[in-house]
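Given next are the chains, with one letter for each unit.
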Amino acid sequence: MEVLIRDSAETGCVLGAKIMASVIREKPNAVLGLATGRTPLRLYQELIRLHRNEGLDFSKVTTFNLDEYVGLPADHPQSYRFFMQENLFRHINIDLARTNVPNGTATDLHLECRSYEERIVAAGGIDIQLLGLGRNGHIGFNEPTGSLRSRTWIKILSEQTLRDNSEVFGSLESMPKHAITMGIGTILDARRCLLLAFGPAKVRAVEDMVEGPLSAICPGSALQLHPRAAIILDETSSAGLHYADHYRWVDAHKLDWQKYV
Ligand code: F6R
């Protein structure tokens with residue numbers, strides 16, 4: 001894992017956007033894996049700025065989102081399709097036909113999951129997968145104890161996740177308890193992974209993900225198996241890391257071609 005500690009979520013998100021943008025510039029028809037939630041919001045704002053001010057071109061880009069709540073239609077304000085539309089897609093020149101979010105209202109959810117996997121393969125696989133980290137270590141909606149080789153499927157959300165995400169729903173009762181999510185095996189198939197985690201609520205999950213044993217108890221720890229995973233943290237979320245000085249040292253002594261300029 002490449003652990004990149006920045007002084008704030010702001011600089012971390014700007015770095016994350018720079019990495020995503022470099023993938024698009026190198027490969028204009030790149031396939032991006034996208035995430036929702038609070039963490040990537042600032043990164044998406046930066047991508048929008050790069051599109052407006054520096055001509056970052058999304059016209060040939062394809063996207064696949066990690067997950068969607070079961071039962072929420074695309075126009076529901078809490079659906080992840082709606083989130084993506086509001087926070088990224090409507091601000092850039094992306095072809096909406098190339099944007100993919102699992103359909104949480106599909107009549108045959110099993111078929112939807114299988115076809116999502118097939119669509120990722122047909123698109124040539126994901127070039128870079130953006131990820132956030134749940135307070136309980138989840139990635140996508142792969143909750144603790146789920147299989148580390150899982151594929152896109154319907155998952156039951158943990159009580160912790162329901163509590164963490166209930167704010168926008170007003171109450172826990174009105175929240176969907178199930179979601180379609182890419183599996184951990186699906187995520188690990190991406191050619192690159194880029195996980196962002198900021199703030200004090202993520203300290204324990206970051207510690208378990210980066211320095212804990214590889215374990216289904218912390219689904220994020222599966223990224224230890226990935227050949228090219230970068231983890232962007234801020235000072236607070238990295239506070240529990242025992243080898244933080246080592247990660248800073250490595251970051252400061254990169255060869256020119258390894259640096260993010
Ligand atoms: C979102 C997703 C989740 C979030 C995680 C962190 O698509 O898959 O794993 O990344 O729950 O959420 P925030 O960023 O709101 O702390």
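Quick caveat, the model's predicted, so the values are computed rather than measured. (Residues numbered from 1 in each chain as written. Predicted model: local features only at pLDDT ≥ 70, side-chain atom pairs only at ≥ 80, totals over all residues. Heavy atoms only, no water.)

Our focus in this paragraph is the overall build of the protein. Along its length, the protein carries 8 helices and 10 strands. On C-alpha atoms alone, the protein measures out to a radius of gyration of 17 Å, which is about the 18 Å that the 2.2 N^0.38 rule sets for 261 residues. Considering only C-alpha atoms, the protein reaches an extent of 55 × 40 × 35 Å along its principal axes. Here the protein, with 261 residues, has 52% of them falling under the buried criterion. For the protein, contacts bridging at least 24 residues in sequence account for 79% of all contacts bridging at least 6. Counting only carbon and sulfur atoms, one obtains 53% of the accessible surface of the protein, whose full area is about 11,900 Å². (Helix = DSSP H or I, 4+ residues; strand = E, 2+ residues; numbered from the N terminus. Rg over C-alpha atoms; globule rule 2.2 N^0.38 Å. Buried < 20%, exposed > 50% of the residue type's maximum accessible area, 1.4 Å probe, protein only. Contact = heavy atoms within 4.5 Å. Areas by Shrake-Rupley, 256 points an atom, 1.4 Å probe, with all protein chains shown as cover.)

Not every one of the 13 residues close to the ligand is listed here, only the nearest: Thr39, Asp67, His138, Gly140 and Lys202. The separation between an oxygen atom of the ligand and a polar side-chain atom of Thr39 is 2.4 Å. Here His138 contributes a side-chain N or O atom positioned 2.6 Å from an oxygen atom of the ligand. In the complex, the protein chains occlude 94% of the 410 Å² of accessible area that the ligand would expose alone. (Near = heavy atom within 4 Å. Polar contact = N/O pair within 3.5 Å; in protein donor to acceptor, adjacent residues only side chain to side chain.)

Right, let's talk about the sheet that holds strand β7 (residues 153-156) for a bit. Think of a sheet as strands paired side by side through backbone hydrogen bonds, with each pair either parallel or antiparallel. The antiparallel open sheet is built from 3 strands, whose spatial order is β4-β8-β7. At either end of the open sheet lies a strand with only one pairing partner, and these are β4 (67-69) and β7. Sheet twist, expressed as the mean angle between neighbouring strand axes with direction ignored, is 30°. With 3 bridges joining them, β4 and strand β8 (residues 178-181) adopt antiparallel strand pairing. (Pairing = 2+ DSSP bridges. Axes fitted to C-alpha atoms, helices over the stretch in contact; angles between N-to-C directions.)

Met20, Leu43, Tyr44, Leu47, Leu88 and Leu194 are the most contacted members of the largest nonpolar core, which totals 33 residues. Here this core gets 8 residues from one element, more than from any other, and that element is helix α1 (residues 9-26). Excluding residues that lie within four positions of it along the chain, Leu88 makes contacts with Leu34, Tyr44, Leu47, Ile48 and Phe83. By size, the runner-up hydrophobic cluster in this structure holds 30 residues, among which are Leu131, Ile187, Ala229 and Leu233. (Core = buried A, V, L, I, M, F, W, Y, C linked by side-chain atoms within 4.5 Å.)

Moving on to the pattern of salt bridges. Taken as a whole, this structure holds 19 salt bridges when the rule is applied. We note a salt bridge from Arg25 to Glu54, for which the minimum N-O separation is 3.7 Å. Of this pair, Arg25 sits in helix α1 while Glu54 sits in helix α2 (residues 41-54); the two residues are 29 residues apart in sequence, bridging distant segments of the chain. What makes Arg25 partly exposed here is its relative accessible area of 46%. The class for Glu54 is partly exposed, based on a relative accessible area of 47%. For the salt bridge of Asp251 with Lys254, the shortest nitrogen-to-oxygen distance reads 3.2 Å. For Asp251, a relative accessible area of 22% corresponds to the partly exposed category. Among the residues examined, Lys254 registers a relative accessible area of 12% and is labelled buried. (Salt bridge = Lys/Arg side-chain N within 4 Å of Asp/Glu carboxyl O.)

Despite not being glycine, Thr145 shows a phi value in the positive range, around 80°. With respect to the element layout, Thr145 can be found in the loop between β6 (128-131) and β7. A relative accessible area of 60% means that Thr145 is categorised as exposed.

This paragraph deals with the packing of α1 against α2. Two numbers describe how α1 lies on α2: the axes approach to 8 Å, and their chain directions differ by 50°. One way to sum up the angle between α1 and α2 is to call them oblique. Read as a crossing pair, α1 and α2 show a hand that is right-handed. Across from Glu10, Cys13, Val14, Gly16, Ala17, Met20, Ala21 and Arg25 in α1, the residues of α2 making contact are Arg42, Leu43, Glu46, Leu47, Leu50 and Glu54. Classifying every residue of the contact of α1 with α2 by side-chain character gives 8 nonpolar, 1 polar and 5 charged. (Parallel < 35°, antiparallel > 145°, perpendicular 65-115°, else oblique. Left-handed = near helix turned anticlockwise from the far one by under 90°. Nonpolar A, V, L, I, M, F, W, Y, C, P; charged D, E, K, R; others polar.)

Its 14 residues place the ends of helix α4 (residues 109-122) 20 Å apart at the C-alpha level, agreeing with the 20 Å of an ideal helix rising 1.5 Å per residue. Where α4 is concerned, the buried positions are Leu109, Glu112, Cys113, Tyr116, Glu117 and Ile120. End-on, the buried residues of α4 take up no more than an arc of 140°, which puts them together on one face. Seen from the open side of α4, the exposed residues pointing more than 90 degrees away from its buried face are Glu118, Val121 and Ala122. Its buried side turned inward, α4 meets β3 (62-65), β5 (99-100), β7, β8 and α6 (184-188). For α4, the N-terminal capping position is held by Asp108, with its side-chain oxygen 3.2 Å away from the main-chain nitrogen of His110. (Expected span 1.5 Å × (residues − 1). Arc of directions from axis to C-beta.)

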